[in-house]
Amino acid sequence: MPNVLETLVAGALEDAAARRLDRPYSDVERDLDRVASPLDALDFLAPGDRVKVLAEVKRASPSRGSMAPIADPAALAAEYERGGASAISVLTEGRKFLGTLADLEAVKARVTVPVLRKDFIADPYQVIEARASGADLVLLIVAALDQPQLTELHALAEELGMRVLVEAHSADEVARGLDAGARILGINARDLTDFSLDRDLFGSLADRIPTGVVRVAESAVSGPADVAHYRAAGADVVLVGEALVTGADPAAALASFLDA
């Protein structure tokens, strides 16, 4: 079976190289001075009495195909914020998730909570363009990077004032993420090499994440019971995408998740 993650990363790097021809480093770095300072996502996602939701703008995925057209991502993000989301995740990968950096820019202009660029980042250019497009956080997937890359990209993001959601799928990857300096660490129930799901993975790894690091449970959320399951296992934050974009009332769905 082909490694889905490797394919996604290769495609994302190809697309970044194409963008770099039209928007070279010098242009992107100049744009850094034109965007507002990033919000500190740690202030919004820090552990509290209730679980927090990182709500995702997501049109499609390799496992589900097209899920929702989302003609106006900013309007959807505003609904998320109205429903109580603590931060917004925006898929910017275009091949399988049908997202763009323009989606992120539109969302950032509309909401007052932090915005995450969710993509398959493996090159410094992608980190810099994320900040130049207004991102407050970026996603780094441990399985997609060797340790020097992970450490370098994490440091670059923080140098630019952003926070990093470091995503792991095993005990070894949790350790590598912490070694790279992770302050926000996600456990993805979905294995990105083959897209299989294990909802209990978070619970089996949560104790490996030390106090002071924000624990994020990702994937396998279809309703409030799944959010309650993750909260009981120690999640500070739950990332929810599909269950929100496929529902009729995102704000009401979010409220039900927060009440779980």
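For the structure itself, consult the block above.
This structure is a prediction, so every number in the text was calculated from the model and none was measured.

Conventions we followed
Residues numbered from 1 in each chain as written. Predicted model: local features only at pLDDT ≥ 70, side-chain atom pairs only at ≥ 80, totals over all residues. Heavy atoms only, no water. Phe/Tyr/Trp six-rings, centres within 6.5 Å; stacked < 30°, edge-to-face > 60°. Helix = DSSP H or I, 4+ residues; strand = E, 2+ residues; numbered from the N terminus. Buried < 20%, exposed > 50% of the residue type's maximum accessible area, 1.4 Å probe, protein only. Pairing = 2+ DSSP bridges. Axes fitted to C-alpha atoms, helices over the stretch in contact; angles between N-to-C directions. Parallel < 35°, antiparallel > 145°, perpendicular 65-115°, else oblique. Left-handed = near helix turned anticlockwise from the far one by under 90°. Contact = heavy atoms within 4.5 Å. Nonpolar A, V, L, I, M, F, W, Y, C, P; charged D, E, K, R; others polar.

Engineer: Break down the packing of aromatic side chains for me, citing the residues and quoting the values.
Structural biologist: Applying the stated criterion across every chain yields a total of three aromatic pairs. Both rings, one in Y25 and one in Y125, keep their centres 5.3 Å apart while their planes meet at 85 degrees; by these two values the pair is edge-to-face. With Y25 in helix α2 (residues 25-31) and Y125 in helix α6 (residues 124-132), this pair connects stretches of sequence that are 100 residues apart. Accessibility expressed as a relative area gives 30% for Y25, which makes it partly exposed.

Engineer: Could you give me a rundown of the sheet that holds strand β12 (residues 237-240), with the residues and numbers involved?
Structural biologist: Pairing is parallel around the closed barrel formed by eight strands, whose spatial order is β1-β4-β5-β6-β7-β8-β11-β12. Looking at each pair of strands side by side, their axes are set apart by 25 degrees on average, direction ignored. Both strand β4 (residues 87-91) and strand β5 (residues 115-118) contribute to a ladder of four bridges, which runs parallel. Considered in β5, the bridge of L91 is made with K118.

Engineer: Describe unusual backbone geometry, naming the residues involved and giving the relevant values.
Structural biologist: In the Ramachandran plot, I70 falls in the positive-phi region, its phi being about 45 degrees despite a non-glycine side chain. Looking at the secondary structure, you find I70 in the loop between β3 (65-66) and α4 (73-83). Here A220, not a glycine, exhibits a phi torsion of approximately 65 degrees, which is positive. With respect to the helices and strands, the residue A220 is situated in the loop between β11 (214-218) and α10 (224-232). Take A220: its relative accessible area is 22%, and that puts it in the partly exposed class.

Engineer: Summarise the packing of α6 against helix α7 (residues 147-159); cite the residues concerned and give the values.
Structural biologist: Look at α6 against α7: their axes get within 10 Å of each other, and the N-to-C directions meet at 20 degrees. Classified by the angle between their axes, α6 and α7 sit roughly parallel to one another. Relative to α7, the crossing made by α6 is right-handed. Across from P124, V127 and I128 in α6, the residues of α7 making contact are E152, L153, L156 and A157. Class assignment for the residues of the contact of α6 with α7 results in six nonpolar, no polar and one charged.

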